[in-house]
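# Summary of the model geometry
The chain contents come next:
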Amino acid sequence: MASDLLQGLNPEQRAAVTLPHQSALILAGAGSGKTRVLTTRMAWLIQTGQVSPQGLLAVTFTNKAAREMLTRLSALVPINTRGLWVGTFHGLCNRLLRAHHREARLPPLFQILDSGDQLSAIKRVMKAMNLDSERYPPKNVQHYINGHKEEGQRPSAIEPYDAMSRVLHDVYGAYEAQCQKEGVVDFAELLLRSVELLQTNELLREHYRSRFSFVLVDEFQDTNRLQYVWLKLLAGPQSAVFAVGDDDQSIYGFRGAEVGNMRDFERDYGLKEVIRLEQNYRSYGNILDAANALIRNNQSRMGKNLWTEAGAGEPIRIYEAYNDLDEARFVVEQVKSLQSEGMALTDVALLYRANAQSRVLEHALFGAGIGYRVYGGLRFFERMEVKHALAYLRLAANPDDDGAFLRVVNFPPRGIGARSLEILQSAAVASNTSLHQLAVALGGQTPQRGLTPSGKAGAGIKTFLQIIERLQTAADAVPLEELMVVMLEESGLTAHYRTEREGADRVENLEELVSAAAGFEHETELSDLAAFLSHASLEAGEHEAGPGDDALQLMTVHSAKGLEFKAVFVCGLEEGLFPHENSLNEVDGVEEERRLMYVALTRARKQLTLTRAENRMLHGQIRYGMRSRFIDEIPEALCKFLSAEPAPYAPKHTERYNAPRSSAPVERQPEMKRSESVPFSIGQSVSHSKFGSGVVLQYEGRGTDARVQVNFRDAGVKWMALHYAHLTAF
DNA sequence: TCAGAGGTAATTTTT
DNA sequence: TTACCTCTGA
């Protein structure tokens, strides 16, 4: 019964799920049952016969979210989820381009470059153009290229305005040509190529538009310009777009996300109403009140207020540590006490702004024997040995992939030196062929160019070509799993790592690749190599797991988005760190940091603890930061300060800042230099008539030349001449 | 061809 | 401080 689906939904959720065939924006607050609404809506549409599964298109950002959607959907309605158009933007683009590779001017087995592959491809282009990578850092070039692709701009659409942009523009052009020649596409290209395909091919566009009568989008606030254009192309006038998002949780502006897409969507689709999901099923009241109060400080919002039927719960706990070591010590102590109360470590998370902060925390946890797991390391398909193995496979599928060719032509070593490769590369450029084509044409001889290349290199290349040939044959003849075994054997990768002193882990990962292939065949019922390679590029796998079982969760606030924990610690709440100092100079920077803080707070179900350190080791130097403004933005009535003695009468935060320290042992003393010419000490709180309050970081010079560096709460880090600046100590 | 030196930069990240 | 990259010398 379709009405069973609506059981237990609140009125807003129900309204969203049962909306008629019209476009709508659902503002879904943290913990408001967003995924439930999304999946129930799909099930509802199918069960009420408004759409067949084929007429649905649902897009997410991560594979994890897509998987979850499919699992939950198939639990609600008995349908075969295979073949459903539910996936990530990139995954769906890949599917589209595979189906129409000819129209998209791509080879049938085009390969997908991940960011690392893209960067090496860019380096290769720049080397061929003889560009100085000091003057033009490849990372910047990558940013330039991806930025323009996300704006939908090809090189032909860009007007260079100075020498620098001329160079960038030219590299972009050359990079595109190289990718096209090699039959590879990067992530942004998947989107852009799809958009162009749909723009130019009216027949195709109309086909999909009439097919997808219902389009659903998850995390709409994270879409970039190109993704929005893509959506508009696929969702025609006959389609209803159901966009779910939360502008207050937009934390990916730095990688191109446009919250503005939400307003544009309202306008472009002439939306009559916005449905707000504000009832929260995750946290206790105090936590929500804190989050609501914090986010009210942002100017640009669509507006939303979370509430709960649960009680107020515990107050927000705040600890002001003396330094980072003390902060870690405190956290460990608290985690232990939670543990003794019977809380499982998996239910506790330590969140921080920057990965570097994990080191001190890890050290303390290790010392205390508390198991933990850090998110954010290398993922399976990003490991070097796995990338090498994949390069062999890529060559079997598409031998013109020069990137893959160069990666493994001499790995394991076959005596092919840099010199031989340089000759080969320039000859390939001259004859406008791929390295593989050229090598085949030369029959294993290295081209003669001035110096005579050794016969060893020639023999090595011959061996290499034979390996590729055997893998090509195997790819057509044997199942995926067996192909892996053949590849590891033929390439000599396993043998190579076996001889290495520290190669045991790598051998293990290579063996894991065999099971990954087996699992892939089993789960997807796909046995073709191209599909597996796409999978490897589009889904790099889980983040590295630490010691398994019951482990404390350590991660950045960014990676915590979408997750929830019974107890959450947010560490490093200092000006300069959170909000990060770099954000102070960015447009919308502090507001995005505040949204990040909002995400952090709303991860907690029962207990929320905020910590800061008055000074911490950063870049090898002791840095002093003031208490984060975000702590001050939480109403004091909701807070309980654990560090200092609470003053008997309404204490000001500034007073508390200098309040007596906890008696915790202090392992590291800050330098407290004093000099007769500079009346300030490092770490001292000062105030400035224009910039407000801050902390002295360091000083130099004496007399009228004396300068001090101050970390201001609102203005960031500044150097100022003491002679002119009027600083007062307090 | 590889190991060690030296220089430099140092948010956040999915695909 | 540390991690990563490039360069150099054996």
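Look up: the structure comes first, before these words.
Notes on the structure follow.

Reading guide: rules and limits
- Residues numbered from 1 in each chain as written.
- Chains lettered and ligands numbered in written order.
- Predicted model: local features only at pLDDT ≥ 70, side-chain atom pairs only at ≥ 80, totals over all residues.
- Heavy atoms only, no water.
- Helix = DSSP H or I, 4+ residues; strand = E, 2+ residues; numbered from the N terminus.
- Buried < 20%, exposed > 50% of the residue type's maximum accessible area, 1.4 Å probe, protein only.
- Near = heavy atom within 4 Å.
- Polar contact = N/O pair within 3.5 Å; in protein donor to acceptor, adjacent residues only side chain to side chain.
- Axes fitted to C-alpha atoms, helices over the stretch in contact; angles between N-to-C directions.
- Parallel < 35°, antiparallel > 145°, perpendicular 65-115°, else oblique.
- Contact = heavy atoms within 4.5 Å.
- Nonpolar A, V, L, I, M, F, W, Y, C, P; charged D, E, K, R; others polar.
- 1 Å grid on protein atoms, 1.4 Å probe; cavity = no way out; pocket = protein on both sides within 12 Å on 5 of 7 lines; lining within 4 Å.
- Points joined across faces, edges and corners; volume = space filled by probe spheres on them.
- Salt bridge = Lys/Arg side-chain N within 4 Å of Asp/Glu carboxyl O.
- Patch = residues over 30% accessible without salt bridge, like charges linked within 9 Å, V, L, I, M, F, W, Y side chains within 5 Å.
- Areas by Shrake-Rupley, 256 points an atom, 1.4 Å probe, with all protein chains shown as cover.
- Lys, Arg positive; Asp, Glu negative; His and termini not counted.
- Charge placed at Lys NZ, Arg CZ, Asp CG, Glu CD.
- Pairing = 2+ DSSP bridges.

## Notes on the environment of Q684
Along the polypeptide, Q684 turns up in the loop between α28 (653-657) and β17 (685-688). On the basis of relative accessible area, Q684 is assigned to the buried category, the value being 18%. Q684 sits 60 residues away from Y624 along the chain, and the two C-alpha atoms are 8.7 Å apart.

## With respect to the protein's contact with DNA strand B
As a structural note, the neighbourhood of DNA strand B is formed by 28 residues, with S115, R353, N355, T556 and E586 the closest of them. Of all DNA strand B atoms lying within 4 Å of any protein atom, the proportion belonging to sugar or phosphate reaches 51%. A distance of 3.1 Å is found between a phosphate oxygen of DNA strand B and a side-chain nitrogen or oxygen belonging to N410. Here H580 contributes a side-chain N or O atom positioned 3.3 Å from a sugar or linking oxygen of DNA strand B.

## Some remarks on the packing of helix α13 (residues 285-295) against helix α26 (residues 589-601)
At a closest axis distance of 9 Å, the pairing of α13 and α26 adopts a crossing angle of 175°. It follows from the interaxial angle that α13 and α26 lie roughly antiparallel. Residues I287, A290, A291, L294 and I295 of α13 touch α26, and the partners they reach there are R594, R595, M597, Y598 and L601. For the contact of α13 with α26, the per-class residue count stands at eight nonpolar, no polar and two charged.

## Considering the layout of surface pockets
Approximately 1700 Å³ is the volume attributed to the second largest pocket. Taken together, 44 residues line the second largest pocket, and the ones lying closest to its centre are F520, E523, T524, H535 and E539. When contributions to the lining of the second largest pocket are tallied by element, the ones reaching two or more residues are α4 (63-76), β3 (85-88), α5 (89-99), α23 (504-524) and α24 (529-538). The residue makeup of the lining of the second largest pocket, split by class, is 15 nonpolar, 17 polar and twelve charged.

## Some thoughts on the pattern of salt bridges
As enumerated under the stated definition, the model contains 46 salt bridges in all. Salt-bridge contacts for D186 lead to K149; the nearest nitrogen and oxygen are separated by 2.8 Å. With a gap of 37 residues between them, D186 in strand β5 (residues 184-186) and K149 in helix α7 (residues 138-150) connect regions that are remote in the sequence. An identical accessibility class is assigned to D186 and K149; each is buried. Of the charged contacts in the structure, one is a salt bridge between E327 and R616, with a shortest N-O distance of 3.1 Å.

## Section: the protein's contact with DNA strand C
Inspection of the region around DNA strand C gives R359, H619 and G620 as its neighbouring residues. Sugar and phosphate atoms form 46% of the subset of DNA strand C atoms that lie within 4 Å of the protein. A distance of 2.9 Å separates a phosphate oxygen of DNA strand C from a polar atom in the side chain of R359.

## With respect to the environment of A567
Within the secondary structure, A567 sits in strand β13 (residues 565-570). Taking relative accessible area as the criterion, A567 reaches 0% and is therefore assigned buried. Taking the C-alpha atoms as reference points, A567 and K606, separated by 39 residues in sequence, lie 6.0 Å from one another. With residues near it in sequence (within four places) discarded, A567 still touches L338, M343, D347, V348, A349 and Q607.

## Examining empty space enclosed by the protein
Per the stated rule, a full pass over the model turns up two cavities of 30 Å³ or more. Here the second largest cavity is characterised by a volume of approximately 90 Å³. Of all the secondary-structure elements, those providing two or more residues to the lining of the second largest cavity are β14 (604-618) and β15 (621-624).

## Some points on a negative patch on the surface
Residues E500, E502, D505, E508, E511 and E512 make up a contiguous surface patch of negative charge. With respect to the secondary-structure elements, E500 resides in the loop between α22 (493-499) and α23. Its relative accessible area of 35% is what places E500 among the partly exposed residues.

## A word on the pairing of strand β7 (residues 240-245)
Counting buried positions along β7 yields six of six residues, so the element is predominantly enclosed. Every second residue of β7 is oriented toward a common face, with A240, F242 and V244 on one face and V241, A243 and G245 on the other, all of them buried. Examined bridge by bridge, strand β1 (residues 24-28) and β7 share four bridges and lie parallel to one another. Each residue of the ladder has a partner; that of I26, found in β7, is V244. For strand β6 (residues 214-217) and β7, the ladder comprises four bridges, and the chain directions are parallel. Bridging from a neighbouring strand, V215 pairs with V241 of β7.

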